[in-house]
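# Report on the structure
The primary structure of each chain is shown beneath.
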Amino acid sequence: MAVATVRPRSFSDNIAQAAGLDARLLAMLGILVLIWLGFDFLTSGIFLTARNLFNLSLQVSVVGIMACGMVLVIVARQIDLSVGSQLGFIGVFGALLQTEILPIADPNTWWLACIAMIVVGTIIGVVQGVLVAYAGIPSFVVTLGGLLFFRNAAYQINEGRTISPLNETFQLLGGGINGSIGATWSWVFGIAAIAGVVLVVLRGRQRRRGHGVAQRTPLTDAITIGVWSALIIAFVMTMNAYQQPKTGIAMGIPIPVLILIGVALAMSVIAKKHRFGRHVFAMGGSPESAELAGIDTRLLTVKVLALMGFLCGLASIVITARLNAGASATGTMTELNVIAAAVIGGTSLAGGIGTIYGGILGALIMQSLESGMILMGVPTPMQKMVLAVVLVLAVWIDMAYRRRQAT
Amino acid sequence: MLDPAGYTYVSADAQGDPQKQLTDIESLIAGGCDAAIVLAQDSKAVLPAFDRLKAENIPTIAYDAPVDTADATFISFDNVAVGRLQAEGMVKAIDHGNWVAIEGDSSHPIINVFRQGQMEVLQPLIDAGKIKIVAKQNIENWKPDLAQAAMEQILTQQDNKVDAVLAMNDGTATGVAAALASQGLLGIPLSGQDGDVTALNRIAKGQQTVTVWKNAMALGETAAKAAIEMAEGKAVEGEVKYKTESGKEQPAVLLTPVGITRDNLDVVVKANWISKEKLCDGVTENPPAACQ
């Protein structure tokens with residue numbers, strides 16, 4: 001993962017360490033804040049309204065969920081170009097399942113459909129993984145095949161017809177008018193999250209004591225808890241400040257955003273703490289050494305792509321529920337957004353380097369630019385041109401930063 | 001229609017790629033043919049292939065999508081009429097207020113033709129200050145999920161003060177409908193095109209105002225009939241003159257599309273385009289005549 005370097009600690013490093021974040025992340029957060037303030041100015045205050053931030057959190061959830069998987073895929077020195085097509089195919093499949101096979105109004109339909117969609121995604125990932133790891137076909141080729149295959153399969157299985165409406169409970173997973181958890185539960189979530197932060201900090205102290213490692217000052221730990229609590233409270237307050245149109249009831253956190261947070265936490269733990277994640281980073285850093293160290297790199301590759309497929313299934317649930325329709329064009333070109341999010345977030349295409357939170361921040365930066373430009377009424381081709389420039393610029397800055405750190 | 005007349009139909013699908021279309025046409029010429037029916041992926045990139053067809057003296061039909069040449073017969077729906085019917089259907093529901101335009105992919109020239117038709121109806125109302133287009137976005141690849149995000153942003157920008165949404169097809173209308181639903185605005189006038197099953201169902205439920213239905217069967221039959229006539233050197237029935245993008249005069253047969261609103265939903269049921277069951281699925285209060 002991060003290469004340990006010895007250099008004098010600057011002031012910003014101290015704050016970053018207190019929040020448990022690295023300086024790169026802090027820089028990305030800074031850029032995000034600048035983008036937000038810039039758009040807020042350019043849209044005369046619309047961008048930073050609770051309503052727009054609520055929109056933004058919903059709009060980022062699909063790419064965010066998939067970016068978590070893509071980071072690991074790229075860290076493992078692979079690529080998955082099929083994720084956008086999977087999104088479309090699994091969506092049409094799930095919609096067909098609800099409307100043609102299962103009784104649409106049945107209370108069990110929504111979760112049966114969800115499980116089926118996730119299973120299909122995982123199977124697609126396993127098949128692609130086996131072709132890459134055991135048949136030795138480069139992942140670029142296998143998933144390029146997947147891109148063509150599943151996009152066309154999405155058309156084929158329903159002759160390109162859009163399927164709508166879907167099961168009512170299923171729709172909630174997309175965060176529509178009733179798809180948020182309301183003010184009370186949002187606060188419950190916020191308090192639980194803060195308790196979680198406190199617990200993690202205390203356990204860190206305990207572990208350091210146990211291992212006899214130099215203890216962090218209580219002030220540093222207090223700042224850590226303070227910064228995170230403030231962020232969590234601000235988030236909950238923003239989501240609660242947005243009211244359901246007409247009734248005026250506070251919306252609270254939308255379900256897709258909860259799913260994204262859950263995925264991000266789980267994936268961060270897997271990437272950092274779990275053996276599986278550490279093996280992926282080891283393999284990405286040097287496949288030969290990893291193999292010599294006794295890691296089954298083939299099985300590991302299958303697992304990484306299977307995990308990506310699993311997350312595609314999950315993301316497909318969100319996008320299909322949100323649109324309340326299974327449409328075969330859904331997700332066209334989304335693979336590029338997902339890869340771009342991972343790369344803007346600092347994932348190195350050479351493998352071995354990347355973070356989950358970086359991928360999510362990358363997705364957030366891209367979606368902020370896109371949503372902000374629509375608010376400003378910027379024509380679509382212009383929007384894409386700006387995104388392209390940002391992508392290249394972000395990678396350039398990142399590489400320059402890494403070179404400076406290495407010297 | 002082709003088989004009884006003694007012709008065989010051979011097809012190739014360029015899958016959205018203008019380059020592949022060129023190679024496809026070259027190999028079909030090499031295989032020998034009496035007439036070609038081409039659904040152009042791009043109105044200009046396909047021209048070299050049309051030149052090859054002309055050099056071989058093969059009568060050519062530009063099917064559905066326009067091609068910028070005088071050397072082919074254009075068989076399509078009257079796309080200006082598509083835009084006009086969309087606007088007419090909408091104006092019947094509301095002839096004033098803040099309108100939003102959700103247009104198709106900006107790289108498809110056909111959207112200019114649709115817009116031309118829309119504006120024939122709307123421009124006088126815009127000039128009179130009755131209708132105001134408060135926002136406009138093009139949707140890449142006509143993707144419903146992008147249309148949803150764009151509509152969410154526009155509603156935020158306009159603080160929900162939107163009275164009607166002029167969407168160019170039913171796919172983007174699906175995205176717009178989802179965005180409207182999450183603001184409790186579903187039911188304001190909304191247009192579309194294609195006669196998608198979901199869109200027709202929305203019309204029956206009062207969630208969409210109009211879709212423009214183009215009977216694909218009729219178009220295919222017209223093209224096959226014209227191809228036979230051309231291969232046998234006869235005049236094409238119903239031929240008119242059409243002006244292409246760059247002003248070239250092109251022979252054409254233009255079918256008239258049908259605007260479908262709540263009042264004539266029975267048209268699509270009678271044509272077996274959609275079953276009554278699918279059309280009326282979930283329709284509870286105030287059913288249209290076709291669902292009673």
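## Observations concerning the overall build of chain B
On a plain count of helices and strands, chain B comes out with 10 helices and 10 strands. Whereas a compact globule of 292 residues would reach a radius of gyration of roughly 19 Å, chain B reaches 21 Å, a difference of no more than 12%. The dimensions of chain B, computed from C-alpha atoms along their principal axes, are 60 × 40 × 30 Å. For chain B, the residues scored as buried account for 52% of the 292 residues in total.

## As for the packing of helix α10 (residues 255–272) of chain A against helix α15 (residues 356–375) of chain A
Residues and elements named next belong to chain A. The interhelical angle for the contact between α10 and α15, taken along N-to-C directions, is 145°, at an axis separation of 9 Å. Each of L260, A264, M267, S268, A271 and K272 in α10 lies in contact with α15, whose residues at this interface are I356, Y357 and I360. Split by residue class, the contact of α10 with α15 holds 7 nonpolar, 1 polar and 1 charged.

## Considering the environment of L279(B)
Residue and element names in this part refer to chain B. In this structure, L279 sits in helix α10 (residues 276–279). A relative accessible area of 0% means that L279 is categorised as buried. Sequence-wise, L279 and L155 are 124 residues apart; in three dimensions their C-alpha atoms are separated by 29 Å.

## What about empty space enclosed by the protein?
Residues and elements named next belong to chain A. Evaluated as defined, the whole model comprises 2 cavities of 30 Å³ or more. Roughly 50 Å³ of volume is contained in the largest cavity. In terms of lining, the largest cavity is formed by V60, V63, N337, A363, M366, Q367 and E370. Among the elements of the structure, α3 (50–75) and α15 are those that each provide at least two residues to the lining of the largest cavity. Along the lines of polarity and charge, the residues of the lining of the largest cavity split into 4 nonpolar, 2 polar and 1 charged. Every residue lining the second largest cavity is listed: L87, G88, G91, I319, T320, L323, A325, G326, A327 and T330. Of all the secondary-structure elements, those providing two or more residues to the lining of the second largest cavity are α4 (83–101) and α13 (297–323).

## Examining the confidence of the model for chain A
Any region with low pLDDT has predicted coordinates that should not be read closely. In the predicted model, chain A carries a mean pLDDT of 91, and 95% of its residues have values of at least 70. Contacts of residues 1–7 of chain A to residues separated by more than four positions or lying in other chains number 6 contacts, the stretch itself having pLDDT below 50.

## Description of the state of the cysteines
Tallied over the full model, the rule gives 1 disulfide over all chains. The disulfide that involves C280(B) links it to C291(B), with 2.0 Å between the sulfurs. Every disulfide takes its handedness from the sign of the S-S torsion; for C280(B) and C291(B) that torsion is -90°, giving left-handed. Within this pair, whereas C280(B) is found in the segment after α10, its partner C291(B) is found in the segment after α10, the two being separated by 11 residues in sequence. C114(A) carries a free sulfur, and the closest cysteine sulfur to it, the one in C312(A), is 15 Å from it.

## Digging into the interface of chain B and chain A
Every contact between the two is made by 33 residues of chain B and, on the other side, 38 residues of chain A. Remark: the boundary between chain B and chain A carries 3 salt bridges. A salt bridge links K384(A) to E140(B); the shortest N-O distance between them is 3.0 Å. Among the elements of the structure, β5 (131–138), α5 (144–157), α6 (170–181) and α7 (197–205) of chain B are those that each provide at least two residues to the side of chain B that touches chain A. Residue contributions to the side of chain B that touches chain A peak at 12 residues, all from α5(B). Grouping the constituent residues of the side of chain B that touches chain A by class yields 9 nonpolar, 16 polar and 8 charged.

## Quick notes on the packing of aromatic side chains
Remark: the centre distance and the inter-plane angle together describe each pair of aromatic rings, the angle taken between the planes. Scanning all chains against the criterion turns up 7 aromatic pairs over all chains. When the centroid spacing of 4.9 Å and the interplanar angle of 50° are considered together, the rings of F74(B) and Y242(B) count as tilted. Taken together, the residues F74(B) in strand β3 (residues 73–77) and Y242(B) in strand β8 (residues 240–243) connect sequence positions 168 residues apart. The burial state of F74(B) is the same as that of Y242(B); both residues are buried. Among the aromatic residues, those joined into a cluster by ring pairs are W36(A), F39(A) and F47(A).

## Considering unusual backbone geometry
The step from S164(A) to P165(A) runs through a cis peptide bond, and the omega angle for that step is -10°. If you trace the backbone, P165(A) turns up in the loop between α6 (139–156) and α7 (168–172). Positive phi, normally seen in glycine, also occurs at E159(A), with a value near 50°. Within the secondary structure, E159(A) sits in the loop between α6 and α7. Although it is not a glycine, N160(B) sits at a positive phi angle of roughly 65°. If you trace the backbone, N160(B) turns up in the loop between α5 and β6 (164–167).

## A short note on the packing of helix α14 (residues 334–344) of chain A against helix α16 (residues 380–406) of chain A
All names here are of chain A. Where α14 contacts α16, the two axes come as close as 9 Å, and the packing angle between them is 30°. Judged by the inter-axis angle, α14 sits roughly parallel to α16. Crossing of α14 against α16: the hand is left-handed. Taken together, the residues of α16 that come into contact with α14 (itself represented by A340, V343 and I344) are V390, L391, A394 and V395. For the contact of α14 with α16, the residue count by class is 7 nonpolar, no polar and no charged.

## Looking at helix α1 (residues 18–31) of chain B
All names here are of chain B. Taking 1.5 Å of rise per residue, the 14 residues of α1 would be expected to cover 20 Å, and the 20 Å separating its terminal C-alpha atoms lies within 8% of that figure. Residues of α1 that are buried sit in contact with β1 (36–38) and α2 (47–55). Looking one or two places after α1, you find G32, whose phi comes out positive at around 90°.

## Things to note about the pattern of salt bridges
Residues and elements named next belong to chain B. Taken as a whole, this structure holds 21 salt bridges over all chains when the rule is applied. In this structure, D95 engages K130 in a salt bridge whose closest nitrogen and oxygen atoms are separated by 3.1 Å. Residue D95 is found in the loop between α3 (79–93) and β4 (97–103), and its partner K130 is found in the loop between α4 (110–127) and β5; the two are separated by 35 residues along the sequence. The exposure class of D95 is partly exposed, given its relative accessible area of 28%. With a relative accessible area of 39%, K130 lands in the partly exposed category. Here E103 and R115 are joined by a salt bridge, their closest N and O atoms 2.8 Å apart. Linking E103 in strand β4 with R115 in helix α4, this pair joins segments that are 12 residues apart in sequence. A relative accessible area of 3% places E103 in the buried class.

## Observations regarding the nonpolar core
Core analysis: the biggest nonpolar cluster contains 90 residues, and M66(A) and M70(A) have the highest contact counts within it. Sorting elements by how many residues they give to this core places α3(A) first, with 15 residues. When sequence neighbours within four positions are dropped, the list of residues in contact with M66(A) reads V83(A), L87(A), M308(A), L311(A), C312(A), A315(A), T334(A) and V338(A). In terms of nonpolar packing, the next biggest core, distinct from the first, is built from 22 residues, A150(B), I154(B), V165(B) and A167(B) among them.

Rules used throughout
- Residues numbered from 1 in each chain as written.
- Chains lettered and ligands numbered in written order.
- Predicted model: local features only at pLDDT ≥ 70, side-chain atom pairs only at ≥ 80, totals over all residues.
- Heavy atoms only, no water.
- Helix = DSSP H or I, 4+ residues; strand = E, 2+ residues; numbered from the N terminus.
- Rg over C-alpha atoms; globule rule 2.2 N^0.38 Å.
- Buried < 20%, exposed > 50% of the residue type's maximum accessible area, 1.4 Å probe, protein only.
- Axes fitted to C-alpha atoms, helices over the stretch in contact; angles between N-to-C directions.
- Contact = heavy atoms within 4.5 Å.
- Nonpolar A, V, L, I, M, F, W, Y, C, P; charged D, E, K, R; others polar.
- 1 Å grid on protein atoms, 1.4 Å probe; cavity = no way out; pocket = protein on both sides within 12 Å on 5 of 7 lines; lining within 4 Å.
- Points joined across faces, edges and corners; volume = space filled by probe spheres on them.
- pLDDT = per-residue confidence, 0-100.
- Disulfide = S-S within 2.5 Å.
- Salt bridge = Lys/Arg side-chain N within 4 Å of Asp/Glu carboxyl O.
- Phe/Tyr/Trp six-rings, centres within 6.5 Å; stacked < 30°, edge-to-face > 60°.
- Parallel < 35°, antiparallel > 145°, perpendicular 65-115°, else oblique.
- Left-handed = near helix turned anticlockwise from the far one by under 90°.
- Expected span 1.5 Å × (residues − 1).
- Core = buried A, V, L, I, M, F, W, Y, C linked by side-chain atoms within 4.5 Å.

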